[in-house]
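# Descriptive analysis of the structure
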Amino acid sequence: MSILSTAPVALVAIIHTYILILEMFLWTTPYGRKAFRLTPEFAVQTRVLAANQGLYNGFLAAGLFWSLSLPDEMASQVKLFFLGCVAVAGVFGGATVSRKTVYAQSVPAVLGVVGVLFG
């Protein structure tokens, strides 16, 4: 595994671990509300939904971390699957929530795909 295929995957996994923490544990805190531009009332009303989203982000991170531990012959397919999931989720988030989501999720995932395919 080259650094070009490993580093972007690790970065995307770390990003999604951070999102998990924000959505599951910090959603109603001042830090979490600032990150997502939420009012205190809305944060309280949506905390269960946010925790669910955070859990899914955790699954994406887990899959990406798992792909880093696999033998080379399996790793590429698993990396591409989870990076593809992240890229699609980022595009959907960009279309429905904020364009910022595309830059935070899809762009790193696509760079990861490029790294896996050409690294």
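Structure shown above.
So, a few notes on the structure that sits alongside this text. Predicted, not measured: the structure shown is a model, and the values here were computed from it.

## Concerning the overall build of the protein chain
Along the protein chain, the regular secondary structure elements total 5 helices and 0 strands. Each helix and strand of the protein chain, ordered N terminal to C terminal, gives the series α-α-α-α-α. Radius of gyration (C-alpha) of the protein chain: 15 Å, near the 14 Å computed for a compact globule of 119 residues. For the protein chain, the spread of C-alpha atoms along the principal axes amounts to about 50 × 25 × 20 Å.

## Quick word on the side chain of Glu23
Mapped onto the secondary structure, Glu23 falls in helix α1 (residues 3-25). Within the structure, Glu23 has its side chain in polar contact with the backbone nitrogen of Gly54 (distance 3.0 Å). Every residue in contact with Glu23, bar those within four places of it in the chain, is listed here: Phe36, Ala50, Ala51, Gln53, Gly54 and Asn57.

## Regarding the nonpolar core
Note on soluble globular proteins: their nonpolar side chains tend to be buried together. Counting 14 residues, the largest nonpolar core has Val9, Val12, Leu64, Phe82, Leu83, Val86 and Ala109 as the members making the most contacts within it. Every element with two or more residues in this core is listed here: α1, α3 (40-69), α4 (72-96) and α5 (100-118). Looking at which element gives the most residues to this core, the answer is α4, with 6 residues. Beyond its immediate sequence surroundings of up to four residues, Leu83 is in contact with Val9, Val12, Leu64, Ala109, Gly112, Val113 and Val116.

## As for unusual backbone geometry
Positive phi values are uncommon outside glycine, yet Arg37 reaches one of about 55 degrees. Here Arg37 shows up in the loop between α2 (30-36) and α3.

## Observations concerning a nonpolar patch on the surface
Residues Ile21, Met24, Phe25, Leu55, Tyr56 and Phe59 make up a contiguous nonpolar surface patch of roughly 610 Å² in combined accessible area. Note on placement: Phe25 falls in helix α1.

## Focus: the packing of aromatic side chains
Under the definition given, this model contains 3 aromatic pairs. Geometrically, the ring pair formed by Trp27 and Phe36 is tilted, given 4.9 Å between the ring centres and 40 degrees between the ring planes. Judged by its relative accessible area of 9%, Trp27 falls in the buried class. On the basis of an interplanar angle of 85 degrees and a centroid distance of 6.2 Å, the ring pair of Tyr56 and Phe59 is categorised as edge-to-face. Here Tyr56 and its partner Phe59 are both found in helix α3, 3 residues apart, which amounts to about one turn of the helix. In this structure Phe59 comes out as partly exposed when scored by relative accessible area, which is 48%.

## Examining α3
Under the 1.5 Å per step criterion, the end-to-end length of α3 is 40 Å for 30 residues, consistent within 8% with the ideal 44 Å. Of all the bends in α3, the greatest measures close to 60 degrees and is centred on Arg47. Buried within α3 are the following residues: Ala43, Thr46, Ala50, Gly54, Asn57, Gly58, Leu60, Ala61, Gly63, Leu64 and Ser67. For α3, the secondary structure elements touched by its buried residues are α1, α2, α4 and α5.

About the thresholds
Residues numbered from 1 in each chain as written. Predicted model: local features only at pLDDT ≥ 70, side-chain atom pairs only at ≥ 80, totals over all residues. Heavy atoms only, no water. Helix = DSSP H or I, 4+ residues; strand = E, 2+ residues; numbered from the N terminus. Rg over C-alpha atoms; globule rule 2.2 N^0.38 Å. Polar contact = N/O pair within 3.5 Å; in protein donor to acceptor, adjacent residues only side chain to side chain. Contact = heavy atoms within 4.5 Å. Core = buried A, V, L, I, M, F, W, Y, C linked by side-chain atoms within 4.5 Å. Buried < 20%, exposed > 50% of the residue type's maximum accessible area, 1.4 Å probe, protein only. Patch = residues over 30% accessible without salt bridge, like charges linked within 9 Å, V, L, I, M, F, W, Y side chains within 5 Å. Areas by Shrake-Rupley, 256 points an atom, 1.4 Å probe, with all protein chains shown as cover. Salt bridge = Lys/Arg side-chain N within 4 Å of Asp/Glu carboxyl O. Phe/Tyr/Trp six-rings, centres within 6.5 Å; stacked < 30°, edge-to-face > 60°. Expected span 1.5 Å × (residues − 1). Bend = angle between axes of the 7 residues up to and from the residue.

None of this, on its own, says anything about what the molecule does.
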